[in-house]
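Fold and contact review
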Amino acid sequence: MDEFMRQALEEARQGFAEGGIPIGSVLVKNGVIIGRGHNRRVQDQNPIIHAEIDCLMNAGRIGSYKDTILYSTLMPCYLCSGAVVQFGIKKVVVGESKTFSGAKKFMESFGVSVIDCNLEECRLMMENFIKNNPQLWKEDIGEL
């Protein structure tokens, strides 16, 4: 696992420690993390603050996103994938997609390179969370 995914995992753990959903993300440009975030839906009582959105918000206005790489511990949903496409992010590296398949094909249809690392650590974290918090998880993915 590379350092950027490790940092995304740290964000996921921080979100979980705050009582939220353990999904983390970092935005990288020229080998440097320029934004980081985690799912804050529970903490902020805001249904839109997914990890990738929080990460982009924390990166702030950077002009062009074309030379950035977005790392996420879980395959982005359509909301977050829409942000990837909207801002022209061309590469997304994902910890896992077994627990949630997300919007990979949507991103790829817009020319985004999506790399699924299929990391056991990311998968186990989400499986445990989903098992222990099924209602919160269903709320997060819009299945309530």
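So, here is what we can say about the structure in this document. (Residues numbered from 1 in each chain as written. Predicted model: local features only at pLDDT ≥ 70, side-chain atom pairs only at ≥ 80, totals over all residues. Heavy atoms only, no water.)

With 27 residues, the main nonpolar core has Leu27 and Trp137 as its most contacted residues. When residues of this core are assigned to their parent elements, the largest contribution, five residues, is made by helix H3 (residues 51–59). When near neighbours in sequence (up to four residues on either side) are disregarded, Trp137 contacts Ile21, Ile23, Leu74, Thr99, Phe100, Met126, Phe129 and Ile130. Within the second largest apolar cluster, 12 residues are counted, among which are Ala12, Tyr71, Val93 and Leu119. (Core = buried A, V, L, I, M, F, W, Y, C linked by side-chain atoms within 4.5 Å. Buried < 20%, exposed > 50% of the residue type's maximum accessible area, 1.4 Å probe, protein only. Helix = DSSP H or I, 4+ residues; strand = E, 2+ residues; numbered from the N terminus. Contact = heavy atoms within 4.5 Å.)

If you trace the five strands from one edge of the open sheet to the other, you get S2-S1-S3-S4-S5, paired in mixed fashion. Looking along the sheet, the strands with just one partner apiece sit at the ends: strand S2 (32–38) and strand S5 (113–116). Taken pair by pair, the neighbouring strands of this sheet meet at an average axis angle of 15°, ignoring direction. Bridge analysis of strand S1 (residues 24–29) against strand S3 (residues 68–72) gives five bridges, and the strand direction is antiparallel. Bridge assignment links Val28 to a residue of S3, and that residue is Ile69. Its contacts with the sheet place H3 against S1, S2 and S3, and it is angled at close to 135° to S2. (Pairing = 2+ DSSP bridges. Axes fitted to C-alpha atoms, helices over the stretch in contact; angles between N-to-C directions.)

Glancing now at the packing of helix H1 (residues 3–17) against helix H6 (residues 120–132). At a minimum axis separation of 11 Å, H1 and H6 run at an interaxial angle of 15°. Regarding the angle of H1 to H6, the classification is roughly parallel. Taken as a pair, H1 and H6 cross one another with a handedness that is left-handed. Where H1 abuts H6, its residues Leu9, Ala12, Arg13 and Phe16 lie against Glu121, Cys122, Met125 and Phe129. Considered class by class, the residues forming the contact of H1 with H6 number six nonpolar, no polar and two charged. (Parallel < 35°, antiparallel > 145°, perpendicular 65-115°, else oblique. Left-handed = near helix turned anticlockwise from the far one by under 90°. Nonpolar A, V, L, I, M, F, W, Y, C, P; charged D, E, K, R; others polar.)

Before going further, it helps to spend a moment on the packing of aromatic side chains. Evaluated as defined, the whole model comprises six aromatic pairs. These aromatic residues form a ring-pair network of at least three members: Tyr78, Phe106 and Phe110. (Phe/Tyr/Trp six-rings, centres within 6.5 Å; stacked < 30°, edge-to-face > 60°.)

The next point concerns the pairing of strand S4 (residues 91–94). The side chains of a regular strand alternate, first on one face of the sheet and then on the other. Examined bridge by bridge, S3 and S4 share four bridges and lie parallel to one another. Paired with Ser72 across the bridge in S4 is Val94. What joins S3 to S4 is helix H4 (residues 78–87), and the crossover it makes is right-handed. Note: S4 against S5, four bridges, orientation parallel. Opposite Val92, over in S5, you have Val114 as the bridge partner. Following the backbone out of S4, through helix H5 (residues 104–109) and into the adjacent parallel S5, one traces a crossover that is right-handed. (Right-handed = clockwise from strand over helix to strand, strands pointing away.)

Let us now look at the pattern of salt bridges. Applying the stated criterion across every chain, the model contains 10 salt bridges. With its nearest N and O atoms 2.7 Å apart, the salt bridge here joins Glu10 to Arg13. Remark: Arg13 and Glu10 occur in helix H1; sequence separation between them is three residues, near one turn of the helix. Among the residues examined, Glu10 registers a relative accessible area of 42% and is labelled partly exposed. Since its relative accessible area comes to 34%, Arg13 is described here as partly exposed. (Salt bridge = Lys/Arg side-chain N within 4 Å of Asp/Glu carboxyl O.)

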